[in-house]
Amino acid sequence: MSYSDWIVFGLVQAAMVATAFWEAYIEGPEGWAENQVGWSIKIGSFTYTAYHFWLYWVMIPLLLAIPFAIIGWDAHLFWVLVFAYLVGTTVEDFMWFVVNPVYPFSKFNAQGTPWHQWVSIGKIQIPIFYIVRIIGALVVYGIVLI
């Protein structure tokens, strides 16, 4: 990846950290939009909310598409943005626990945060989707961007 690719990556990460702040202030102590209005769909033990659908599947991808509207299609930029999105959604979720003024970081575990599915690696508990997204990001980086 070039220097400008890393700048794009960094800007996406900064936007994701900013999203963690406003999402923490919107949700407060009720993680995963527990008290938000709108529909929700239960998929196995996981509940997907309208709020998160519109944020992660519509708003953020539309914002990431802005460069293509300005400069046209660029396959390399597309993969840089996919890489940044996969890392960024993990960063955003983790930062929610760090910056939330009313949800203590000590609840970042399977007992305190039941809306995530967790895996234990020794004494460390990690949300499963963190692992899946980071593996996806590494695959994109290793196959397409190196």
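Our structure is the block above this text.
Before going into details, it helps to say that this report is about the structure given with it. Keep in mind that what you see is a predicted model, and the values were worked out from it rather than measured. (Residues numbered from 1 in each chain as written. Predicted model: local features only at pLDDT ≥ 70, side-chain atom pairs only at ≥ 80, totals over all residues. Heavy atoms only, no water.)

**Considerations on the pairing of strand S4 (residues 124–127)**
Threshold: Here, strands pair whenever DSSP counts at least two bridges between them. By the criteria applied, helices consist of DSSP H or I runs no shorter than four residues and strands consist of E runs no shorter than two, each listed in order from the N terminus.
Here strand S3 (residues 118–121) pairs with S4 via four bridges, running antiparallel. In the strand pairing of S4, Ser-120 is matched with Gln-125. The antiparallel pairing of S3 with S4 creates a hairpin that spans two residues between the two strands, and Gly-122 there sits at a positive phi of about 65 degrees.

**Considerations on the packing of aromatic side chains**
Inclusion rule: Only centres within 6.5 Å qualify two rings of Phe, Tyr or Trp (six-membered ring in Trp) as a pair; their planes then separate them into stacked at under 30 degrees, edge-to-face at over 60, and tilted for everything else. As a reminder, the over-ring test applies to NZ of lysine and CZ of arginine, requiring each to be within 6 Å of the ring centre and within 35 degrees of the ring normal.
Evaluated as defined, the whole model comprises 25 aromatic pairs. Both rings, one in Trp-96 and one in Trp-115, keep their centres 5.9 Å apart while their planes meet at 85 degrees; by these two values the pair is edge-to-face. Highlighted residues: Trp-96 in helix H4 (residues 75–99) and Trp-115 in the loop between H4 and S3, separated in sequence by 19 residues. Every member of this aromatic cluster is reached through a ring pair, and the members are Phe-94, Trp-96, Phe-97, Tyr-103, Phe-105, Phe-108, Trp-115, Trp-118, Phe-129 and Tyr-130. A cation over a ring is seen here: Lys-107 above Tyr-103, with NZ or CZ 4.9 Å from the ring centre.

**Structural notes on the pairing of strand S1 (residues 40–43)**
Inspection of the sheet shows S1 paired to strand S2 (residues 46–49) by four bridges, in the antiparallel sense. Within S2, the residue paired with Ile-41 across the bridge is Tyr-48. Joining the antiparallel neighbours S1 and S2 is a turn of two residues, in which Gly-44 adopts a positive phi near 65 degrees.

**A few points about the packing of helix H1 (residues 3–27) against helix H2 (residues 50–64)**
Using the following cut-off: Here an axis means a line fitted to C-alpha atoms, over the contact stretch when the element is a helix, while the angle between two N-to-C directions is reported on a 0 to 180 degree scale. Orientation categories follow fixed angle ranges, with anything under 35 degrees roughly parallel, anything over 145 roughly antiparallel, 65 to 115 roughly perpendicular, and all other angles oblique. Crossing handedness is defined as follows: a turn of the near helix away from the far one that is anticlockwise and smaller than a right angle gives a left-handed crossing, while the clockwise case is right-handed. Whether two residues touch is decided by their heavy atoms; if any such pair falls within 4.5 Å, the residues are in contact. Just so you know the grouping, Ala, Val, Leu, Ile, Met, Phe, Trp, Tyr, Cys and Pro go in nonpolar, Asp, Glu, Lys and Arg go in charged, and all remaining residues, Gly too, go in polar.
The contact between H1 and H2 brings their axes to 13 Å, and the two run at 150 degrees. Of the possible angle classes, the one that applies to H1 and H2 is roughly antiparallel. In this structure, H1 crosses over H2, and the sense of that crossing is right-handed. Residue-level contacts link Val-12, Met-16, Thr-19, Trp-22, Glu-23, Ile-26 and Glu-27 of H1 to Tyr-51, His-52, Leu-55, Tyr-56, Met-59, Ile-60 and Leu-64 of H2. Its residues placed into classes, the contact of H1 with H2 shows 10 nonpolar, two polar and two charged.

**Remarks on the side chain of Thr-49**
As a reminder of what qualifies: Definition of a polar contact: a pair of N or O atoms within 3.5 Å, with one able to donate and the other able to accept a hydrogen when the atoms are protein atoms, and with sequence-neighbouring residues admitted only if both atoms are side-chain atoms.
Considering the arrangement of structural elements, one finds Thr-49 in strand S2. Of the polar contacts made by the side chain of Thr-49, one reaches the side chain of His-52; its length is 2.6 Å. When neighbours within four sequence positions are excluded, Thr-49 is seen to be in contact with Trp-32, Ala-33, Trp-39 and Ser-40.

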